[in-house]
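# Notes for the structure review
One letter stands for each residue in the lines below.
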Amino acid sequence: MPHKTGLEFGKAQASANEAGPLTLEKAEALADRLGEKVIPTWCGMCGPRGNCAIYAFVKNGRFTRAAGMTEAPHNRGGLCCKAHAAPQWVYSKDRLTTPLIREGEKGEGKFRRASWDEALELLAETLKEQKEKYGPESLAILSPARRNYSEYLYRFLVAHGSPNYGHSGICAMQLHFGFCHTIGARPSPDYRNADVILIWGRQPVYSGPPLGSASALVEAQTRGARIYAIKPSLEADGSFATDWIAVRPGTDAALALAMLHVVTRDGLIDRAFVNAWCHGYEELAEHVRQYSPEWAETICGVPAAQIEEMARTYAVTPKATIDVGNGLEHAPSASDAIRAIAALMAITGHLDRPGGNLFPGPASSMPAPRSVHLKDRYTPEWLEKIVGPEFPRAFQPFREGTSAAYPRLFADVLSEKPTIHAIIAPGTQPTVSTRNPRGVIEALKKLDLYVVIDTHRTADMAFADIVLPALTPYEIDHPFETRGAFIMARSKVIEPVGEGRSMQQIMLDLGTAMGYGEDFWNGDMKACMDWQLEPLGMTMEELRRHRTGLVYPPAGARQFEKYEKTFHARSSRLDKAPYLAQGKVALFNTRFEEAGFSPMPEWREPVESVSGTPELLKEYPFVLSDYHTSRSFSAGWQRNVPYLREVEREPSLHIHPKSARALGIADGDTVKVTSPHGSLTVKAQYYPGIREDTVMLLHGWWQGCPELDLDDMPLTDGGANVNLLYSPDIEKSADPLITAMGSQTLVNVAKA
């Protein structure tokens, strides 16, 4: 069957779904008329978890399309382009459909088919032997982005005896850590009521599921809010902004410190709040005197007058909010930027007040389902076994559980006497997801056992010893998902393509094969689901009868200024001590000081930067950074989906037209991008909404798309894997407190 173009697909989709988002009644009527079946379930294209609820349509046993579920209280029928491309992803030629065992040399990609019994037995026996020989901590599992199976991975590690859950250091946890240890929790922006909005290092239109941030932005613009977009390049949210603060990549901490300088110098603070609820204000005010707007201008490239104006406007406007994003987590001074922004929110009186940044609340009346994690088994001795901690041991476990820094695990493998001898990679691709891809490849070659568990072929699969095929979320009838006060069962849309199993079932089966059956319901997924739902007084089958889920009422009305509760909130550390030692905002953090870290935010230069290494600018005149997501893609997957790939066919380097023309580069030219660490070959794209000294491209390129005659790209030189351009030395390029990996370097751009 010839490939239908995205435009043709869009017209057919619109015709079939008529009005777009549907109610169950309309979905069933439409399905009856077209001779189809409709199944209420959850989308899985941003990663399987409680994101968007959908109606999936099936004809002759094939998944054909999706429509948004109007009844869902969070996405309210909204879907992104990935949801509509889901059938192509499910039926992709890259699907893994049977267990595989390596036959050739590592890297050759030669495998033989195997049964599940053989593959699980081989994996279990190898892990048992390594546990006996090297200890249980010799096993690491690499974290995917947060998924509905993440806690199953943790459960297996805990049952096995290893704390080594490798987290990437590029998403979410770094923001949470900085906020929790400064103001007690990560607050959310109150777009609906704010008169001033700072969108800082975030892209609220398509950086995540369509859960309302874009509509809130439109509302804010319509009512005349002042909207600052703080980022090196403008994206979709830029069209709604009144001001573009074009900060150089990786210099957000300098900008935030300069804003603190202005606010404290001019006394633009909420004195009553500071006196009652802040610890260390005088120390902070004295500390930031060194970080003037004029100093910051030389580093971040934002004019001092613009810094002064934005700082004053934010501070004196009663209803002002800051929406921070993933862009802040990619620099050696990431924790400093986050802590400085948290301090700004606090001392200006914008915490947990209407129009400011709100702490969570009110809780839902829905009883919490049981977690499958085994956090009660953590011990001090357990923490000592973490290989290359992501966060200091004194602050572990944090939120999700113990965590090792993803790149430090690979550094350990390459060491003379490694602790790590086996790595399982479920739904993650280390060769395109972390820095130093050359080093990662060498580690995968050396590693005694590498296991890939995924739905599709991955960038690093050629180095695997065992490959286990996972099912997509459209081929399974578990787990249930929650989003706030909403809970709904996941329902099977189609019969599985091939012999795969769900990620959850794979972990139950592996746990049982290892002899840990009592901890894994002896492989019985129904028993596992029912156990989790016991606090709600229902079984999985009873929940499934509520075809469009259940919405629980709130436990009460929203309360503001919850300072006593939030500032005394217990941490996730073993001793459960509060995040904030004094029960106040930690402007001067005594816990960090005791652990050997700076008690106040400070400035650290990226490894290569305009102000830090000016001697490199003659050879490498541009600052380079990358986008983590785009309008079509999340991270390093789904480039093999034709409908999505038609939107973004090739990796493109965003470069200002003026800068490109000065180099004789035309729009669409093939260019070579070279840093002190490697080179890429990509297409130049004229992009007026970017700093003239900065170039950027999307992270995660490697995958081909056979339907569009596009081949895979090299993982190292000659490809488009941006990780190759960054410093391979994680100890120099990452934040020392939270191991946030730097996403900036200096590059040269020339016609290829």
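The structure we're discussing is the one just above.
Before going into details, it helps to say that this report is about the structure given with it. (Residues numbered from 1 in each chain as written. Predicted model: local features only at pLDDT ≥ 70, side-chain atom pairs only at ≥ 80, totals over all residues. Heavy atoms only, no water.)

## Overview of helix 6 (residues 150–160)
Within helix 6, 10 of the 11 residues are buried, which leaves it mostly tucked inside the rest of the structure. With its phi angle positive at about 110°, Gly 161 sits one or two positions after the end of helix 6. (Buried < 20%, exposed > 50% of the residue type's maximum accessible area, 1.4 Å probe, protein only. Helix = DSSP H or I, 4+ residues; strand = E, 2+ residues; numbered from the N terminus.)

## Considerations on helix 5 (residues 116–134)
An ideal rise of 1.5 Å per residue puts 27 Å on 19 residues; helix 5 measures up with 26 Å between its terminal C-alpha atoms. Within helix 5 the residues assigned to the buried category are Trp 116, Ala 119, Leu 120, Leu 123, Ala 124, Thr 126, Leu 127 and Gln 130. Projected onto a plane normal to the axis of helix 5, the buried residues spread over an arc of 165° and lie on a single side. In this structure, helix 5 carries Asp 117, Glu 121, Glu 129, Glu 132 and Lys 133 as exposed residues pointing more than 90 degrees from its buried face. At its buried positions, helix 5 is contacted by strand 6 (139–142), helix 6, strand 16 (422–426), strand 17 (449–454), strand 18 (466–469) and helix 19 (503–513). (Expected span 1.5 Å × (residues − 1). Arc of directions from axis to C-beta. Contact = heavy atoms within 4.5 Å.)

## Some details on the packing of helix 6 against helix 19
Running from N to C, helix 6 and helix 19 point in directions that differ by 10°, and their axes come no closer than 9 Å. By the criterion of interaxial angle, the relationship of helix 6 to helix 19 is roughly parallel. Side by side, helix 6 and helix 19 meet where Tyr 152, Leu 153 and Phe 156 of the first sit next to Gln 504, Met 507, Leu 508, Leu 510 and Gly 511 of the second. A breakdown of the residues in the contact of helix 6 with helix 19 according to their chemical character gives 6 nonpolar, 2 polar and no charged. (Axes fitted to C-alpha atoms, helices over the stretch in contact; angles between N-to-C directions. Parallel < 35°, antiparallel > 145°, perpendicular 65-115°, else oblique. Nonpolar A, V, L, I, M, F, W, Y, C, P; charged D, E, K, R; others polar.)

## Some remarks on the environment of Trp 200
Position of Trp 200 relative to the elements: it lies in strand 9 (residues 196–200). According to the relative accessible area criterion, Trp 200 is buried, its value standing at 0%. Through-space distance from the C-alpha of Trp 200 to that of Tyr 149 is 30 Å; in sequence the pair is 51 residues apart. Apart from residues lying up to four places away in sequence, Trp 200 is in contact with Ile 230, Asp 252, Leu 255, Ala 256, Met 259, Ile 322, Asp 323, Val 324, Gly 325, Leu 328 and Ile 341.

## Describing the pattern of salt bridges
Within the structure shown, the criterion is met by 44 salt bridges. Across the pair Glu 442 and Lys 445 runs a salt bridge whose closest N-O atoms are separated by 3.7 Å. With Glu 442 and Lys 445 both in helix 18 (residues 437–446) and 3 residues apart, this pair spans about one turn of that helix. Members of the salt-bridge network, linked through shared partners, are Arg 265, Asp 266, Glu 308 and Arg 312. (Salt bridge = Lys/Arg side-chain N within 4 Å of Asp/Glu carboxyl O.)

## Quick notes on the sheet that holds strand 19 (residues 480–483)
Taken together, 3 strands build an open sheet; the order of strands is 19-20-21 and the sheet is antiparallel. The open sheet has two edge strands, strand 19 and strand 21 (550–551), and neither has a second partner. Bridging between strand 19 and strand 20 (residues 486–489) involves 4 bridges; their strand directions are antiparallel. The partner of Thr 482 across the bridge, within strand 20, is Ile 487. (Pairing = 2+ DSSP bridges.)

## Let's talk about the packing of aromatic side chains
Following the criterion strictly, the structure yields 25 aromatic pairs and no others. Ring plane angle 80° and centroid distance 5.8 Å describe the contact between Trp 89 and Trp 637, whose orientation is recorded as edge-to-face. On the criterion of sequence distance, the pair formed by Trp 89 in helix 4 (residues 86–90) and Trp 637 in the loop between strand 23 (622–627) and helix 24 (642–647) is long-range, its members being 548 residues apart. The two residues Trp 89 and Trp 637 agree in class, both being buried. In this structure an aromatic cluster arises from ring pairing among Phe 177, Phe 391, Phe 395, Phe 398, Tyr 579 and Phe 592. When the ring centre of Tyr 91 is taken as origin, the NZ or CZ atom of Arg 62, which lies over that ring, is 3.8 Å away. Arg 639 extends its terminal NZ or CZ atom over the ring of Phe 633, reaching a point 4.5 Å from the ring centre. (Phe/Tyr/Trp six-rings, centres within 6.5 Å; stacked < 30°, edge-to-face > 60°. Lys NZ or Arg CZ within 6 Å of the ring centre and 35° of its normal.)

## Concerning the sheet that holds strand 16
Strands in a sheet are paired, the pairing made by backbone hydrogen bonds, and the direction either parallel or antiparallel. With mixed pairing, the 8 strands of this open sheet are ordered in space as 5-4-18-17-16-6-7-15. Either end of the sheet is taken by a strand with one partner, and the two such strands are strand 5 (111–113) and strand 15 (404–405). Of the strand pairs in this sheet, strand 6 and strand 7 (residues 165–167) are connected by 2 bridges, and their pairing is parallel. Residue pairing across strands places Ile 141 opposite Tyr 165, the latter belonging to strand 7.

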